[in-house]
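Residue-level listing of the chains:
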Amino acid sequence: MEETDMCYPISAFRAWPQSIPHGCPAKALPASQRQQLALEALAGPQTITDLADDFDVSRKFVYQQVHIADEALSEAFVRPAADDRVLFHLPVTKQWLGQLTLGLVLICHSPLRGVVELLRDVFDYDISLGSVFNIVQAAVAPARACNQRQELSRIRIGAHDEIFQAGQPVLVGADPRSTYCYLLSLEEQRDADTWGVHLLDLQARGFQPDDVVADASHALRAAQAEVLPDVPCRSDVFHALQEVHEVVRNLENRAYDALATCTQWQRRIARDQQQGRPADHSCVKQRSDATKVQAQALALADDVAVLARWLRHDVLGLAGPAHADRLDLYDFICAELAARVPQAPKLLGRLVRYLRGQRDDLLAFAAQLDRDFAALAAVLAVAPEHVRQLFAVQTIALDCPKRWHRDAPLRRILGERYFPLSQALDELRHRTVRASSLVENLNSRLRSYFFLRRHLGNDYLALLQFFLNHRRYQRSEHPERVAKSPAELLTGQSHPHWLELLGHTRFSRN
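Residues numbered from 1 in each chain as written. Predicted model: local features only at pLDDT ≥ 70, side-chain atom pairs only at ≥ 80, totals over all residues. Heavy atoms only, no water.

What follows is about the pattern of salt bridges. On inspection of all chains with the given rule, the structure shows 19 salt bridges. The closest approach of N and O atoms between Asp121 and Arg120, which form a salt bridge, is 2.8 Å. A relative accessible area of 42% means that Arg120 is categorised as partly exposed. Arg144 is paired through a salt bridge with Asp459; the nearest N and O atoms lie 2.8 Å apart. Of this pair, Arg144 sits in helix α9 (residues 140-149) while Asp459 sits in helix α22 (residues 458-470), placing them 315 residues apart in sequence. In this structure Arg144 comes out as partly exposed when scored by relative accessible area, which is 31%. By relative accessible area, which is 31% here, Asp459 ends up partly exposed. (Salt bridge = Lys/Arg side-chain N within 4 Å of Asp/Glu carboxyl O. Buried < 20%, exposed > 50% of the residue type's maximum accessible area, 1.4 Å probe, protein only. Helix = DSSP H or I, 4+ residues; strand = E, 2+ residues; numbered from the N terminus.)

So, about the nonpolar core. Counting residues in hydrophobic clusters, the biggest one holds 49 residues, and the most contacted among them are Leu311, Leu337 and Leu425. Of all the secondary-structure elements, those providing two or more residues to this core are α12 (237-274), α13 (281-315), α14 (323-339), α15 (345-357), α17 (364-380), α18 (384-394), α19 (401-414) and α20 (418-431). Sequence-distant contacts of Leu311, defined by excluding residues within four places in its chain, comprise Leu241, Val244, Leu316, Tyr330, Ile333 and Leu355. Among the nonpolar cores identified, the runner-up in size contains 40 residues, and Leu102, Val132, Cys146 and Val439 belong to it. (Core = buried A, V, L, I, M, F, W, Y, C linked by side-chain atoms within 4.5 Å. Contact = heavy atoms within 4.5 Å.)

A few words now on the confidence of the model for the protein. Detail in the predicted coordinates should be disregarded across regions flagged by low pLDDT. When the pLDDT values of the protein are averaged, the result is 89; 94% of them are 70 or greater. Every residue in residues 1-22 is under pLDDT 50, and counting partners more than four places away or in other chains gives zero contacts. (pLDDT = per-residue confidence, 0-100.)

Laid out in structure tokens, this is it:
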């Protein structure tokens, strides 16, 4: 029986979803509740199913929040390999590139081609070698002008010497107190006329020191006697001791050679005895002669080494006996060296002639110390020998027990005059200059620039002179030098940054 137009009832279960509006509880869940859901899921007191029921979301949604929270925890506790955060923005202009180029060349000792390579590889900026050269060359004129403007009347002691680059002499003058370099010039020759011209230029800028310390160069001394006749030229202790130590080293090498020769013959004779052969008379004679030569060489090397130590510590040392006593000791050392000239004519003969010719100039500082000690003794009403003793104590290292054993009796004797005398002697010790070794120190600093190029020019040297004089020291054994440049130490006045002196405006993040 076929039934048509039949009607079937709809169940209440199927009809209920159609009675509520369309929506998703997970999408409506705020961020704070999502965070709470993730924290409870990570904590683990409830199952994922229970949490899904409590928040009326699916289990898949709960797992998604757990994954987000887990990633956030990993980022919080794991330091990334590289921090890509932008620290600050840098406006790169041609003017800034000029500053960078000068900084690379002068601070970082970079060659010009190194500047080209760095800008290409790090900044993705192409610049020609000629452009880098032009940037450096443009800084020469203001640097030279700044060098020439510096007034030199504050320099009380000048240190003069010559250094060489590729066989060409570079004339150097520096102030030992402030380390300011007032002369740095490449010349074709180093005769008296060349030195005289530069001394006249320095004199026009106020250079009139009390003393000049230099080596035994005849040209330098002749020029100073002509241009600065009233300024004494002391001999440089550094070069004199260098000459002495060179002779000591050569004599020690000769002694070692004689010792090796004697040992060689001794081993040859011992080998023959071990093999049962009779001793060769020629070998025995050679060993006997070598033993005599060895004894003479060792004795000569030891004697000259002792004399060299006396000369260094007792005669030419800062603290020592009076000037007259030093002269006697100096003459004694020269006489002892002269007596040994027949044993090493070439080495000792030249050394004795050098020392005898430099006697008075080398010990000029000791005569000045005697005058200074006498003046202090008169002003403070103390015995001159106590002044000399306290000066000697101050030259001993602070951590040496001998200093305090010698210092205690002087404190009792001098009483309230101890402190002012100690301060005056400390100032005297710092202003007493015996050597022009500051030029050698300057030479070591210049070498790191010189090796970059074989041929120098006075333009390049003028820029280096400006930079070394106006760059502030970052650290120093002397606290008063920290964060100050040689120019500031010389004048006692601050100056702008060396880049600003060259006409640049420095970048600032503020």
